[in-house]
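The chain contents come next:
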Amino acid sequence: MAEITAAAVKELRELSGAGMMDCKKALSETNGDMDAAVDWLRTKGLAAAAKKSSRTAAEGLVGVAVAGTKGVAVEVNSQTDFVAKNEIFQNFVRDVTGIAMETGDDLAALNAAPMPQGGSVEEVLTANISTIGENQVLRRAKKVEVANGAVIPYVHNAAAPGLGKIGVLVALESDAGVDVLEPLGKQLAMHIAAAFPLALDESGLDQDVLDRERAIAREKAAESGKPADIIEKMVEGGVKKFAKENALLSQLFVMDGKTPVSDVIAKAGKDAGATIVLKDYVRFQLGEGIEKEESDFAAEVAATAGISR
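The rules behind the values
- Residues numbered from 1 in each chain as written.
- Predicted model: local features only at pLDDT ≥ 70, side-chain atom pairs only at ≥ 80, totals over all residues.
- Heavy atoms only, no water.
- Helix = DSSP H or I, 4+ residues; strand = E, 2+ residues; numbered from the N terminus.
- Buried < 20%, exposed > 50% of the residue type's maximum accessible area, 1.4 Å probe, protein only.
- Contact = heavy atoms within 4.5 Å.
- Areas by Shrake-Rupley, 256 points an atom, 1.4 Å probe, with all protein chains shown as cover.
- Patch = residues over 30% accessible without salt bridge, like charges linked within 9 Å, V, L, I, M, F, W, Y side chains within 5 Å.
- Salt bridge = Lys/Arg side-chain N within 4 Å of Asp/Glu carboxyl O.
- Core = buried A, V, L, I, M, F, W, Y, C linked by side-chain atoms within 4.5 Å.
- Polar contact = N/O pair within 3.5 Å; in protein donor to acceptor, adjacent residues only side chain to side chain.
- Phe/Tyr/Trp six-rings, centres within 6.5 Å; stacked < 30°, edge-to-face > 60°.
- Lys NZ or Arg CZ within 6 Å of the ring centre and 35° of its normal.
- Pairing = 2+ DSSP bridges.
- Axes fitted to C-alpha atoms, helices over the stretch in contact; angles between N-to-C directions.

**Some words on the overall build of the chain**
No. 1: Helices and strands together make up the secondary structure of the chain, namely 12 helices and seven strands.
No. 2: Across the 309 residues that make up the chain, the buried fraction comes to 41%.
No. 3: Long-range pairs, those at least 24 residues apart, make up 63% of the contacts in the chain with a sequence separation of at least 6.
No. 4: A total of about 16300 Å² of accessible surface is found on the chain, and carbon and sulfur atoms cover 52% of it.

**Describing a nonpolar patch on the surface**
No. 1: On the surface, Met 190, Val 254 and Met 255 cluster together to form a nonpolar patch covering roughly 240 Å² of accessible area.
No. 2: Inspection of the secondary structure assignment puts Val 254 in the loop between α10 (228–246) and α11 (261–272).

**Digging into the nonpolar core**
Nonpolar side chains tend toward joint burial in soluble globular proteins.
No. 1: In terms of nonpolar packing, the biggest core is built from 25 residues, with Val 168, Val 170, Leu 172 and Leu 188 touching the most fellow members.
No. 2: Put simply, the parts of the chain that give this core at least two residues each are β4 (149–156), β6 (166–174), α8 (178–195), α11 and β7 (276–285).
No. 3: Among the elements that line this core, the one with the most residues is α8, at six residues.
No. 4: Setting aside its immediate chain neighbours within four residues, Leu 188 contacts Val 170, Leu 172, Phe 253, Val 261 and Ile 265.
No. 5: One finds Val 76, Phe 92, Ala 100 and Leu 125 within the second-largest nonpolar core, a separate group that totals 23 residues.

**As for the side chain of Ser 78**
No. 1: Note that Ser 78 resides in strand β2 (residues 70–78).
No. 2: Looking at Ser 78, its side chain comes within polar contact range of the main-chain oxygen of Thr 80, at 3.0 Å.

**Topic: the packing of aromatic side chains**
No. 1: Following the criterion strictly, the structure yields zero aromatic pairs and no others.
No. 2: Between Arg 140 and the ring centre of Phe 284, over which it is positioned, the NZ or CZ distance is 4.0 Å.
No. 3: For Arg 283, the ring lying beneath its charged end belongs to Phe 196, and the centroid distance is 4.1 Å.

**Considerations on the environment of Val 254**
No. 1: For Val 254, a relative accessible area of 40% translates into the label partly exposed.
No. 2: Between the alpha carbons of Val 254 and Leu 188 there is a distance of 9.1 Å; along the sequence they are 66 residues apart.
No. 3: Excluding residues within four positions of it along the chain, Val 254 makes contact with His 191 and Ala 195.

**Section: the sheet that holds β4**
No. 1: On the basis of which strands lie adjacent, the open sheet formed by three strands has the order β4-β6-β7 and antiparallel pairing. Looking at strand neighbours, the two that pair on one side only are β4 and β7, the edges of this open sheet. On average, each strand axis in the sheet is tilted by 15° relative to the strand beside it, whichever way the strands run.
No. 2: In the sheet, β6 pairs with β7 via nine bridges, with the strands oriented antiparallel. Within β7, the position partnered with Ala 171 by the bridge is Asp 280.
No. 3: Sitting on the sheet, α8 is in contact with β4, β6 and β7, with an inclination near 140° to β6.

Structure (structure tokens):
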């Protein structure tokens, strides 16, 4: 029997789109013959994902869950919005979200983790692709936790409990009771969903993003014809304004449009007689950053019917 190497398993995964253990078994069954292994997977219905793996998966669901003082958000993508209504898909996202409570942000660990019904997360996902008939991708996960306080979840326009297109988690560190933290956290989560902050505070903003804003501001300022020193002040002023508007703690609270979020939290803590710290947050918006494929439906129909346009 031929030795089954990790490199061979990896190659077969890339060729077929099947799970790691399925690829290893296929190679074992075919004595390491790559072409025969692909055929073996196809006969088992496990290579159906390969034909669909190049299709953009930008729909799907975001799942959020909380257990005690920790919470997790997960994004699983599909090709169409119809899959988000599929019970198999919803149950998968729900199960994976629960598993991510233990594995955290590590996608490799999450993919390898066992599912309640058997098989790994990756293996069940591959099987679901064949069953549902669409490419699906476990895209990202993030876990937040506090030592003392609460993690508050929020799903905007939920498709089912804990599942939707925008999922938010707010981690509040405090000795204040849940009667204070939960309503505050819910309001902050709604703000985060609407205001789309890029970081918790200005120090957390991505340097590449700031550099891009600086370049844009400099180009705009140069058109003013003002002296170089004035232009530089205009540029720095523009970057500072951008940072203030995109860092969560300095954003104006959407509920009143005038109070910085940091002041809202400070006032809530003062009223409760306890310090409240917004330690971290998560905002997952479905398909964020994925370039969706544009399709011409009329052209597809015409092509199917053999009609030239």
